[in-house]
Amino acid sequence: MYEKLINGALEVLDNSYAPYSGFHVAACLLTDTGNIYTGVNVENASYPAGICAECNAVAKAVSSGERHIRSIAIVGKDSKGSDSGYISPCGICRQVLREFSDPAELKVIMAKSASDYKEMTLEELLPFSFGPEYLK
Ligand code: THU
């Protein structure tokens, strides 16, 4: 069901720039307009300046005028190419996704392959969350 998104993430995984952690991550998201955006983690010699794959994909989507994410697939591998398991989005990425989604509806697909993945909603990953509606 999420083959297109998972394969989209796998296609860009080798673009991940992770010379410090050796942990490569890629994300591919679908917006409510039907468009797809990918992102990879981009690390930096000044470690905190690095950006996660999911945040990168969200930034690309929002920069293109998108405002609502429906689903996102996340894949990863280490420098040896070993299976890194199901990559769960970090806390900052969860909050960034929260800004541009309905948490009960957003599907987060943590994938090893197109046929092997875990599916959770953002609400399950980030319960009782703080979002834009608090600031209206
Ligand atoms: N990373 C992501 O890209 N997304 C996550 O949700 C978890 C962590 C990246 C950040 C860093 O480049 C590497 O994985 C190791 O933490």
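Residues numbered from 1 in each chain as written. Predicted model: local features only at pLDDT ≥ 70, side-chain atom pairs only at ≥ 80, totals over all residues. Heavy atoms only, no water.

Asks: Could you clarify how one ought to interpret the layout of surface pockets in this entry?
Replies: Which parts of space are left empty comes out when a probe the size of a water molecule is rolled across the atoms. A volume near 290 Å³ is recorded for the largest pocket. Every residue lining the largest pocket is counted, 18 residues in all, and those nearest its centre are Asn-41, Ile-51, Cys-52, Ala-53 and Cys-90. At the level of secondary structure, the elements contributing two or more residues to the lining of the largest pocket comprise β1 (23-31), α2 (53-63) and α3 (91-99). Sorting elements by how many residues they give to the lining of the largest pocket places α2 first, with three residues. Residues of the lining of the largest pocket, tallied by class, amount to twelve nonpolar, four polar and two charged. (1 Å grid on protein atoms, 1.4 Å probe; cavity = no way out; pocket = protein on both sides within 12 Å on 5 of 7 lines; lining within 4 Å. Points joined across faces, edges and corners; volume = space filled by probe spheres on them. Helix = DSSP H or I, 4+ residues; strand = E, 2+ residues; numbered from the N terminus. Nonpolar A, V, L, I, M, F, W, Y, C, P; charged D, E, K, R; others polar.)

Asks: Is there a simple way to think about the site of the ligand in this case?
Replies: Surveying the vicinity of the ligand reveals the residues Ser-21, Phe-23, Val-25, Asn-41, Glu-43, Cys-52, Ala-53, Glu-54, Ser-88, Pro-89 and Cys-90. A distance of 2.9 Å is found between an oxygen atom of the ligand and a backbone nitrogen or oxygen belonging to Ala-53. Within the side chain of Glu-54, a nitrogen or oxygen atom sits 2.7 Å from an oxygen atom of the ligand. Across the complex, the protein chains shield 76% of the 370 Å² of accessible surface that the ligand would expose by itself. Of all the cavities here, the one that holds the ligand is the largest pocket. Breaking the shell around the ligand down by element, the ones donating at least two residues are β1 and α2. For the shell around the ligand, the class distribution of residues is six nonpolar, three polar and two charged. (Near = heavy atom within 4 Å. Polar contact = N/O pair within 3.5 Å; in protein donor to acceptor, adjacent residues only side chain to side chain. Areas by Shrake-Rupley, 256 points an atom, 1.4 Å probe, with all protein chains shown as cover. Sits in = over half its atoms within 2 Å of the grid points.)

Asks: Just checking my understanding: could you explain the pattern of salt bridges for this structure?
Replies: Any two side chains of opposite charge can pair, given that their charged atoms come close. Counted by the stated rule, this structure contains two salt bridges. Residue Lys-77 is joined to Asp-14 by a salt bridge in which the shortest nitrogen-to-oxygen separation is 2.6 Å. Taken as a pair, Lys-77 in strand β3 (residues 69-78) and Asp-14 in the loop between α1 (3-12) and β1 lie far apart in primary sequence, 63 residues in all. Asp-14 sits in the exposed class, given a relative accessible area of 61%. (Salt bridge = Lys/Arg side-chain N within 4 Å of Asp/Glu carboxyl O. Buried < 20%, exposed > 50% of the residue type's maximum accessible area, 1.4 Å probe, protein only.)

Asks: Would you mind showing me how to read α2 here?
Replies: Helical geometry: 3.6 residues make up each α-helical turn, so side chains three or four residues apart lie on a common side. Listed in full, the buried residues belonging to α2 are Ala-53, Glu-54, Cys-55, Asn-56, Ala-57, Val-58 and Ala-61. The secondary structure elements touched by the buried residues of α2 are β1, β2 (36-40), β3 and α3. Immediately beyond the C-terminal end of α2, within one or two residues, lies Gly-65, with a positive phi of roughly 100 degrees. (Contact = heavy atoms within 4.5 Å.)

Asks: How should the sheet that holds β3 be read in this particular structure?
Replies: Neighbouring strands of a sheet are bound in pairs by backbone hydrogen bonds; such pairs are parallel or else antiparallel. Read across the open sheet, the five strands follow the order β2-β1-β3-β4-β5; overall the sheet is mixed. The sheet is open, and its two borders are formed by β2 and β5 (116-121), each paired with just one other strand. This sheet shows a mean twist of 20 degrees between the axes of neighbouring strands, independent of strand direction. Here strand β4 (residues 107-113) runs beside β5; their pairing, made up of six bridges, is antiparallel. The partner of Ile-109 across the bridge, within β5, is Glu-119. (Pairing = 2+ DSSP bridges. Axes fitted to C-alpha atoms, helices over the stretch in contact; angles between N-to-C directions.)

Asks: I'm lost on the packing of α2 against α3 in this one. Help?
Replies: Helices that pack against each other are described as a pair by the angle of their axes relative to one another and the distance between those axes. The N-to-C vectors of α2 and α3 enclose an angle of 20 degrees; their axes lie 9 Å apart at closest approach. With respect to their mutual orientation, α2 and α3 come out roughly parallel. α2 and α3 meet at a crossing whose hand is left-handed. Counted together, Glu-54, Cys-55 and Val-58 of α2 and Ile-92, Cys-93, Val-96 and Leu-97 of α3 form the full contact between these two elements. Class assignment of the residues belonging to the contact of α2 with α3 gives a composition of six nonpolar, no polar and one charged. (Parallel < 35°, antiparallel > 145°, perpendicular 65-115°, else oblique. Left-handed = near helix turned anticlockwise from the far one by under 90°.)

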